[in-house]
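Given next are the chains, with one letter for each unit.
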Amino acid sequence: MSEVQDVDVLILGGGINGCGTFRDLCAQGIDCLLLERTDFCAGASAGSSRLMHGGLKYLETGEFRLVRESAEERNRLLSNAAHYVRPLPSVLPVRSRFGGILPSVLRFFGREAKLNDRGAIITRLGLTLYDIYGRRFRAMPAHRMLSRRGLDKAIAGMDRGIIGAGLYYEGQISHAERLGLELVLDGEALHPASRALNHVTLLGAEGDIIRYSHSGETRSVRPRIIINAAGAWIDRVNATLGINARLMGGSKGAHLVVDNPALFDALNGHMVYFGSGDGRVNLLYPFQGRVMIGSTDIRIDDPDAAHCDATEAAYLCAVVAEVFPDIPVTEDQIHYRFSGVRPLPNAASDVGAVTRDHSIAELTLPGGTPVHCLIGGKWTTFRGFAEQETDKILALLGRPRKCNTREMQIGGGKGYPRTEKARADWIDRVATHAGLDRARAAALLDRYGTRAEDMAATLSGETPLRSLPGYSDRELLWLVRHERVATLADLLRRRTLVALSGDLTPQVAAEVAALIGPPLGWTKAQTEAEIATLS
Ligand SMILES: Cc1cc2nc3c(=O)[nH]c(=O)nc-3n(C[C@H](O)[C@H](O)[C@H](O)COP(=O)(O)OP(=O)(O)OC[C@H]3O[C@@H](n4cnc5c(N)ncnc54)[C@H](O)[C@@H]3O)c2cc1C
């Protein structure tokens, strides 16, 4: 067996909760090792609706603590991750004045009730409460109610049965996967003794020693505490460690990215967040020139089996007609589809009714090492969840908290230019210094935040890709060198928005694989296999 590495904390799972906890622990000077089975933010954290939101619908189930925490964290993210999290004007259509009062009361008291019509009174009440919960660090306007005429001015062509809407604001994250990676890189910079590895296989536990393999090598680590942050895979990771516990009960949710210019134009920059006839809440919003449609909520036992199946795709296309009956959405417009598994706590009730709040289950390895399992939580609340877990770890280790992360800017959000003038100055300075034109510097700022400055300095002489001229060879090679890229999917699905924007064609996959294969040491067969995984 190889030499055993001693660490304070071993984190298993590099979704947003694992990455966020890693950063907070690093900021306290704790030695950590994070091991991720695939890539950072490749699980549920890549499958979300990408709303940094206060969880409006959790008001209906009386989860006020979660709403308050989510709204505050949303407001913080608008400032700490200003490069990727932006305000999203959103409308809640209403079809009646009094609809939904009785079902809302029943749901509030934990009874099952179908709520497919949230009338004007319920909507106004909900949005008023939502504003109150979101008032700390408020960064966006309060809600207002729109008449049908007001709604038509904001969004054209909605169903004629809609009599008005509530207009309010949420946060929307463009590059969710990149933010997870940035937390990891920030953590390592804060405490260089810590390390986060992707593409690792967890092999098992022997006493207090955990074995894993990475880059073809078997390694051993002896942690004082283990954090199981494996989301929907928490039970499986525990089983690999020799712990038998049924903590999780996942639900899968699918999204589509469709190319439908009429729908994109009609939305006019807004999200439509609507209750559909089947009692679910669905959403539509403009995303990278296309339209994001989500989502389903279906119980699933095997998280590795989750994919957006034909029934879900058909449902998501059809549900749009409930709010835009004159804009058909058809399956040939689908440019990208994805699915994620919500890491919900195990519960017998209907998945829609299971709490979305987070909790920590404390177990121990047969050898006595504490194992903390991070269950549930929203993407939006990762920082608060990480803070809660870090406080527990500090108490166990008898170490003080040195700083908090509440105002800690993340990755390319550090020093991000927040005004038009600051943005123009940043673009001028970086373009001049790197010898790029202003439009190119602006595109890099939008993609990578202020991290783009280091990248830009290496781009002179870059060649645009033939299959995707908005990206260049040097840009992608910089990402490979600096951002833990090991597979084609890491680069095209998570370091960039190429796949999610619907731009991942076979030509793009082949050209990028040929570009990054040599520096990553891929053989011809490996290159072909990488392309095949994306087709
Ligand atoms: C359809 C859907 C829509 C959602 N929409 C929103 C939204 O709009 N806003 C919001 O705030 N939240 C949303 N959520 C919730 C949010 O995405 C999740 O709660 C959050 O991403 C969970 O993060 P996590 O780190 O706990 O889990 P994950 O992101 O799943 O991370 C767990 C990680 O553990 C890794 N892992 C598994 N096994 C092992 C192993 N053996 N060794 C090492 N690593 C392992 C996995 O590869 C994975 O990367 C949504 C979720 C879904 C599914």
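Calculation rules
- Residues numbered from 1 in each chain as written.
- Predicted model: local features only at pLDDT ≥ 70, side-chain atom pairs only at ≥ 80, totals over all residues.
- Heavy atoms only, no water.
- Near = heavy atom within 4 Å.
- Polar contact = N/O pair within 3.5 Å; in protein donor to acceptor, adjacent residues only side chain to side chain.
- Areas by Shrake-Rupley, 256 points an atom, 1.4 Å probe, with all protein chains shown as cover.
- Helix = DSSP H or I, 4+ residues; strand = E, 2+ residues; numbered from the N terminus.
- Nonpolar A, V, L, I, M, F, W, Y, C, P; charged D, E, K, R; others polar.
- Buried < 20%, exposed > 50% of the residue type's maximum accessible area, 1.4 Å probe, protein only.
- Axes fitted to C-alpha atoms, helices over the stretch in contact; angles between N-to-C directions.
- Parallel < 35°, antiparallel > 145°, perpendicular 65-115°, else oblique.
- Left-handed = near helix turned anticlockwise from the far one by under 90°.
- Contact = heavy atoms within 4.5 Å.
- Disulfide = S-S within 2.5 Å.
- Domains from an automatic or database assignment.
- Buried area = accessible area lost by both parts, 1.4 Å probe.
- Salt bridge = Lys/Arg side-chain N within 4 Å of Asp/Glu carboxyl O.
- Pairing = 2+ DSSP bridges.

Enquirer: What am I meant to see in the site of the ligand here?
Expert: Not every one of the 33 residues close to the ligand is listed here, only the nearest: Glu36, Ser45, Leu51, Gly377 and Thr380. In the model, an oxygen atom of the ligand is placed 2.9 Å from a nitrogen or oxygen of the alanine 44 main chain. In the environment of the ligand, an oxygen atom lies 2.5 Å from a nitrogen or oxygen atom belonging to the side chain of serine 45. For the ligand, the protein covers 96% of the area, taking 1,000 Å² as the surface of the free molecule. Secondary structure elements with two or more residues in the shell around the ligand: α1 (16-27), β11 (251-258) and β16 (334-342). Element by element, the count of residues in the shell around the ligand is highest for β16, at three residues. Broken down by class, the residue content of the shell around the ligand amounts to eleven nonpolar, 17 polar and five charged.

Enquirer: Would you mind showing me how to read unusual backbone geometry here?
Expert: Along the chain, glycine 294 connects to serine 295 via a cis peptide bond; the corresponding omega equals -10 degrees. Of note, serine 215 is a non-glycine position whose phi angle comes to about 50 degrees, a positive value. Its location among the elements puts serine 215 in the loop between β9 (209-214) and β10 (217-228). The class of serine 215 is exposed, set by a relative accessible area of 65%. With phi around 50 degrees, glutamine 288 is a residue other than glycine that occupies positive phi space. Structurally, glutamine 288 is set in the loop between β13 (281-287) and β14 (290-294).

Enquirer: Help me understand the packing of α1 against helix α6 (residues 176-190), please; the structure alone is not making it clear to me.
Expert: What describes two packed helices is the angle between their axes and the distance between those same axes. Contact geometry of α1 with α6 gives a least axis separation of 8 Å together with a crossing angle of 20 degrees. Between α1 and α6, the crossing angle belongs to the class labelled roughly parallel. The element α1 and its partner α6 pack so that their crossing is left-handed. Contacts between α1 and α6 pair Ile16, Cys19, Gly20, Phe22, Arg23, Cys26 and Ala27 from the former with Gly180, Leu183, Val184, Gly187, Glu188 and Leu190 from the latter.

Enquirer: How should the state of the cysteines be read in this particular structure?
Expert: As used in these notes, a disulfide is a covalent bond between sulfur atoms, one from each of two cysteines. Tallied over the full model, the rule gives zero disulfides. Free of any disulfide, cysteine 317 has its nearest cysteine sulfur in cysteine 308, 8.8 Å distant. On the basis of relative accessibility, which here comes to 6%, the residue cysteine 317 falls in the buried class. Not part of a disulfide, cysteine 373 finds its nearest cysteine sulfur in cysteine 32, a span of 17 Å. With relative accessibility at 0%, the residue cysteine 373 sits in the buried group.

Enquirer: For this particular structure, what's the right way to read the domain arrangement of the chain?
Expert: Quoted interface sizes are often the accessible area lost when the parts come together. By the assigned domains, the chain splits into domain 1 (4-44 + 177-247 + 355-397), domain 2 (86-172 + 250-338) and domain 3 (417-534). Look at where the C-alpha atoms of domain 1 and domain 2 centre, and you get two points 34 Å apart. Contacts between the two partners involve six residues from domain 1 and, on the opposite side, six residues from domain 2. Summing both partners gives a buried area of about 430 Å² for domain 1 against domain 2, and 33% of it is carried by carbon and sulfur. On the domain 1 side of the interface with domain 2, the three residues burying the most area are Trp233, Arg236 and Arg356, jointly 68% of the side's total. Where domain 1 meets domain 2, there are four salt bridges. Close ionic contact of aspartate 302 with arginine 236 constitutes a salt bridge, the shortest N to O distance being 3.0 Å. For the side of domain 1 that touches domain 2, the per-class residue count stands at two nonpolar, no polar and four charged.

Enquirer: I would appreciate a short explanation of the pairing of strand β1 (residues 4-12) in the present structure.
Expert: A regular strand places its side chains on the two faces of the sheet in alternate fashion. Taken together, the eight bridges between β1 and β10 define a ladder with parallel strand orientation. Directly across from valine 4, in β10, lies its bridge partner serine 220. Bridge count for β1 against strand β2 (residues 32-35) is four bridges, and the pairing is parallel. What sits directly across from valine 9, in β2, is cysteine 32.

Enquirer: Got a minute to help me understand helix α14 (residues 473-482) in this structure?
Expert: An α-helical turn contains 3.6 residues, so a residue and the one three or four places further along point in the same direction. Within the sequence span of α14, burial applies to Asp473, Glu475, Leu476, Trp478, Leu479 and Val480. As for α14, its buried residues are in contact with α6, α12 (438-448), α13 (452-456), α15 (488-495) and α16 (506-520). With a side-chain oxygen positioned 3.4 Å from the backbone nitrogen of arginine 474, the residue opening α14 is serine 472. Of the residues trailing α14, arginine 484 is marked for its positive phi of about 55 degrees.

Enquirer: Quick question: what am I supposed to make of the pattern of salt bridges here?
Expert: Note on pairing: side chains with opposite charge can pair once their charged atoms come close. Scanning the entire structure with this criterion turns up 50 salt bridges. A salt bridge links arginine 236 to aspartate 304; its shortest N-O distance comes to 3.2 Å. Note that arginine 236 is positioned in helix α7 (residues 234-241) and aspartate 304 in the loop between β15 (298-299) and α9 (310-319), a separation of 68 residues in sequence. The partly exposed category is assigned to arginine 236, whose relative accessible area is 37%. Aspartate 304 gets classed as partly exposed once you look at its relative accessible area, which sits at 42%. Shared partners join several salt bridges into a network, and the residues in it are Glu73, Arg76, Arg383, Glu387 and Arg406.

Enquirer: I'm lost on the environment of proline 345 in this one. Help?
Expert: Of note, proline 345 is situated in the loop between β16 and β17 (358-364). It is 9.3 Å that separates the C-alpha atoms of proline 345 and aspartate 357, two residues lying twelve residues apart in sequence. Excluding anything up to four places from it in sequence, proline 345 contacts Leu247, Met248, Gly249, Val354, Thr355 and Ile375.

Enquirer: Any chance you could explain the environment of isoleucine 334 here in plain terms?
Expert: In this structure, isoleucine 334 sits in strand β16. Each C-alpha atom, one on isoleucine 334 and one on glutamate 72, is 34 Å from the other, the two residues being 262 residues apart in sequence. Ignoring any residue separated from it by four or fewer positions in sequence, one finds isoleucine 334 in contact with Leu256, Val257, Val258, Ala313 and Cys317.

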